[in-house]
Structure formats: C-alpha cells, structure tokens
Amino acid sequence: MKPIIRPSWYKPDAAATPESIYWNRRDFIKTLGLGTVSLSSLSLAACAEAQTPTSLNPLPKRPSDQFYPAKLNELYKDVGKPLTPEKIATTYNNYYEFTLDKELVPVKSQFFTVDPWTIEIDGLVDKPLKLDFEDLMKQVTLEERVYRFRCVEAWSMVVPWTGLPLNQLLKLAGPKSSAKYVRFISFNRPSEAPNQKAQPWYPWPYYEGLRIDEAMHDLTLMTTGIYGKPLPRQHGAPLRLIVPWKYGYKSPKGIVRIELVDHKPETFWNKIAPREYGFYSNVNPAEAHPRWSQATERDIATGNRIPTLPMNGYVDEVAPLYAKK
Ligand SMILES: Nc1nc2c(c(=O)[nH]1)N[C@H]1C(S)=C(S)[C@@H](COP(=O)(O)O)O[C@H]1N2
Ligand SMILES: [Mo]
C-alpha cells in the first residue's frame, strides 16, 4: 500500500506558526478605520498582538473542530501546480458584504458571528431541513480536496478545501424529480456586515444558482474548511460552496439557505451586470469578459501570468454536463 503523503499543513505545529508578518502596524491602524490617529495613542502591545487578522478574534471553539484535518480524497490530491501558501490565500479575499478591499476582508469580517448558524434546505424536497450547523456536522463525513480556483477578475490559486459533496447534503433533504435548479442564499446581517448597510444598492443578500446536474456533480463541494482547519470567516465560515470549474463568484460564502426550484434562478452578479456575469460562468479562456481577456490568469502566490485552462482544468470531469443532447 502506498503511504499517504501528508502535505505540509498537516504538521501539528502549523497552527502555532505565525501566519503573517504582513499585518504590519500601518495596515492594522488603517484597518480599524483610525487612519489619522497617531501611533502613540495605540498601545504597542495591541499592535504586536495584531500581527494576524485571526489573532484579533479567533474562531469560536466548536465540537466540529474535531473533524479537522479530514482525510484527503486521493482523487483530488494534486492539480499539477503547487499549493498557494496559506497566508496568501487567507489575506486576499472577495467578500463584498464586508468590504471591496481584498486585503481588508479578513479584518472587517473578524467579528462576524459564525456560531450558532442555522442552515435550511427547502423548496422541491421531500424532507425540508432546518438545523444548526453543528448538528449538520454530526451527520456528515468531511474530506479534503485540492482544487484550482479561478476568479473572474483573472487571479487564481490552488487550495485544499475541506467539505462534503453537495450531492450528499442535498440527499439528506430528498430532492423531488421536479427540482431542476438549486438556489443558494447567503446571510443578511447588516449589523455585522458593513457593506450590507453602507452599500444598499447591491441586491443583498448574495445569492447564486446551479442547474441540478451541476449541483449533483461530484466536484461540487459544500465547503466547511481550508488548509486542514475550519473555514476562517474571510473564506465564508461556517459554510460556502466551491464549484471549481466556474468563476469564483459562483461559489457563494456564508450560506444560510438552499432552495430547490423548477426554474432557472436569478443570481446576484447577473442581476447587477447581466452582460458581464452569466448564469453558467464556466471558466473559458476563449471567451473574453466584456472588459478584459480571460486567456490568462495571475497566480496570487508568484504573480506569474499563466494560461487559463478550459473549465479551469476540469474538462474531463464536467464536459459531459454540457454536451449537446
Ligand atoms: N457571500 C459572498 N460569497 C462570495 C463573494 C461575495 O462577495 N459574497 N465573492 C465571490 C467571489 S467574486 C470570489 S472570487 C470568491 C472568493 O473566495 P475566497 O475569498 O475564499 O478566495 O468568493 C465568492 N463568494
Ligand atoms: Mo471573484
């Protein structure tokens, strides 16, 4: 039997390693919205403590913490590219509910309440569900998968997610045969998410959709962790979707409700700019975004521009979904 090769984040001391020297004092102060306050008015101790976004307010301890790191799925352990270092992926995030500044998302989101968290699955199902995230975690088995991730803005990374195939989650609710699409709805909590209050012209809450066969595809992962740990808030805690062959905005964070429907649902970005963000949004280097080419992408770890692969490298797996019938 081949030994399981454990990636470096399995090292037990990984959590103890200082994750970032990135969070220097200037960023910290800027972050708190104290732009013009003099340094001397903040204690040096506070600054020193604030080296990392997560050190300010770590995730609450939850029973589900015991499931990390989860077993690596051997089918998805290698994408032919190195993993993006954790501190790079976790400090460069899109999460418009908090801020449009990727590097400030980890800080602006850090007091967001992730426990308790209720998740609902309803619509065209035999057994509608409404349960606490922790109760859900008791009923499922998590696994780890390394996937490519490609944002429509043409940056990319390779990260190890932890989660369960969405099809397993949906089966708990028993989708009816009349269910043709799946709708995902994110949280709506303006008191905790500054942009839901400050930018009310966005059609909050964030919402997305997939065709039922896309949702049931084995690659589609309901995600609860990254780098062998529970998802930090900036990555969408406590649960978000990952659809690796589609542009990143098809992977909604902070999901509270999954609804099975019989019609193609509207989506957040399609509502805002229909010409720019289609319903399908499969990664396609040959099809330019109206404002930029999609032929290449910038690896956020190296800064190198590399070619973008059709379906983000998942053609073999997902092309059958789109074959002309
Ligand atoms: N609720 C919500 N989900 C979201 C977004 C968002 O703004 N709000 N941004 C999307 C976009 S554009 C991208 S690229 C990915 C980024 O995921 P990451 O920050 O975990 O890398 O989240 C997606 N999911
Ligand atoms: Mo994105």
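Calculation rules
Residues numbered from 1 in each chain as written. Chains lettered and ligands numbered in written order. Predicted model: local features only at pLDDT ≥ 70, side-chain atom pairs only at ≥ 80, totals over all residues. Heavy atoms only, no water. Helix = DSSP H or I, 4+ residues; strand = E, 2+ residues; numbered from the N terminus. Contact = heavy atoms within 4.5 Å. Buried < 20%, exposed > 50% of the residue type's maximum accessible area, 1.4 Å probe, protein only. Pairing = 2+ DSSP bridges. Near = heavy atom within 4 Å. Polar contact = N/O pair within 3.5 Å; in protein donor to acceptor, adjacent residues only side chain to side chain. Areas by Shrake-Rupley, 256 points an atom, 1.4 Å probe, with all protein chains shown as cover. Nonpolar A, V, L, I, M, F, W, Y, C, P; charged D, E, K, R; others polar. 1 Å grid on protein atoms, 1.4 Å probe; cavity = no way out; pocket = protein on both sides within 12 Å on 5 of 7 lines; lining within 4 Å. Points joined across faces, edges and corners; volume = space filled by probe spheres on them. Arc of directions from axis to C-beta. Phe/Tyr/Trp six-rings, centres within 6.5 Å; stacked < 30°, edge-to-face > 60°. Lys NZ or Arg CZ within 6 Å of the ring centre and 35° of its normal. Salt bridge = Lys/Arg side-chain N within 4 Å of Asp/Glu carboxyl O.

Chemist: Tell me about the environment of Asn312, and name the residues and values.
Modeler: Along the polypeptide, Asn312 turns up in the loop between β13 (305-307) and α11 (315-318). For the pair Asn312 and Phe149, spaced 163 residues apart in sequence, the C-alpha to C-alpha distance is 7.6 Å. Not counting chain neighbours up to four residues away, the residues in contact with Asn312 comprise Arg148, Phe149, Arg150, Pro244, Trp245 and Val283.

Chemist: Go over the pairing of strand β3 (residues 129-132) with me, naming the residues and quoting the values.
Modeler: Here β3 shows one buried face, formed by Leu129 and Leu131, and one open face, formed by Lys130 and Asp132. Two successive antiparallel strands, strand β2 (residues 118-123) and β3, enclose a turn made up of 5 residues.

Chemist: Could you give me a rundown of the site of ligand 1, with the residues and numbers involved?
Modeler: In the vicinity of ligand 1, 18 residues are found, and the nearest of them are Tyr96, Glu97, His235, Ser251 and Lys253. The separation between an oxygen atom of ligand 1 and a polar side-chain atom of Asn93 is 2.9 Å. Within the contact set of ligand 1, an oxygen atom lies 2.6 Å away from a side-chain nitrogen or oxygen of Lys253. If ligand 1 stood free it would expose 530 Å²; the protein chains cover 98% of that surface. When the residues that make up the shell around ligand 1 are grouped by side-chain class, the tally is 9 nonpolar, 6 polar and 3 charged.

Chemist: I'd like a rundown of the pairing of strand β12 (residues 296-299), residues and numbers included.
Modeler: Residues of β12 alternate between two faces, with Glu297 and Asp299 buried on one and Thr296 and Arg298 left unburied on the opposite face. With 2 bridges joining them, strand β5 (residues 155-165) and β12 adopt parallel strand pairing. Within β12, the residue paired with Ser156 across the bridge is Asp299. Hairpin connection of β12 to β13: 5 residues between the antiparallel strands, including Gly303 at a positive phi of 80°.

Chemist: Run through empty space enclosed by the protein, naming residues and quoting values.
Modeler: Tallying each qualifying case throughout the model produces 1 cavity of 30 Å³ or more. Lining the largest cavity, in full, are Arg148, Phe149, Arg150, Ile242, Val243, Pro244, Lys246, Tyr247, Gly248, Ser251 and Asn312. Of all the elements, strand β4 (residues 143-150) adds the most residues to the lining of the largest cavity, at 3 residues.

Chemist: Can you explain helix α7 (residues 166-173)? Please cite residues and give values.
Modeler: The complete set of buried residues in α7 reads Leu166, Asn167, Leu169, Leu170 and Ala173. Buried residues of α7 fall within an arc of 160° about the axis and therefore sit on the same side. Of the residues one or two after α7, Gly174 is the one with positive phi, at around 65°.

Chemist: Summarise the packing of aromatic side chains; cite the residues concerned and give the values.
Modeler: Summed over the entire model, instances satisfying the criterion amount to 26 aromatic pairs. Centroid distance Tyr202 to Trp269: 6.4 Å. Interplanar angle 75°. Geometry classified as edge-to-face. Here Trp269 lies in helix α10 (residues 268-272) and Tyr202 lies in the loop between α8 (194-198) and β7 (207-211), a separation of 67 residues in the sequence. There is no split in this pair, since Tyr202 and Trp269 are both buried. A connected cluster of aromatic rings, assembled from ring pairs, spans Tyr96, Tyr202, Trp204, Tyr206, Tyr207, Tyr249, Phe268, Trp269 and Tyr277. When the ring centre of Phe279 is taken as origin, the NZ or CZ atom of Lys250, which lies over that ring, is 4.3 Å away.

Chemist: Hey, could you go over the layout of surface pockets for me, with residue numbers and the actual values?
Modeler: Space inside the second largest pocket adds up to approximately 410 Å³. Taken together, 24 residues line the second largest pocket, and the ones lying closest to its centre are Asn94, Tyr206, Gly248, Tyr249 and Trp269. Of the residues forming the lining of the second largest pocket, the biggest block, 3 residues, is contributed by β5. Grouping the constituent residues of the lining of the second largest pocket by class yields 15 nonpolar, 5 polar and 4 charged.

Chemist: With reference to specific residues and values, describe the pattern of salt bridges.
Modeler: Under the counting rule described, the total for this entry stands at 17 salt bridges. Each of Asp122, Arg183, Arg257 and Glu259 takes part in salt bridges that share partners, so that together they form one network.

Chemist: An account of the side chain of Thr90 is needed here, citing residue identities and associated values.
Modeler: Tracing the backbone shows Thr90 in the loop between α4 (86-89) and α5 (105-108). Residue classification places Thr90 among the buried residues on the basis of a relative accessible area of 6%. Beyond its immediate stretch of four places on either side in the chain, Thr90 contacts Pro106, Pro232, Gln234 and His235.

Read these as spatial facts, not as claims about activity.
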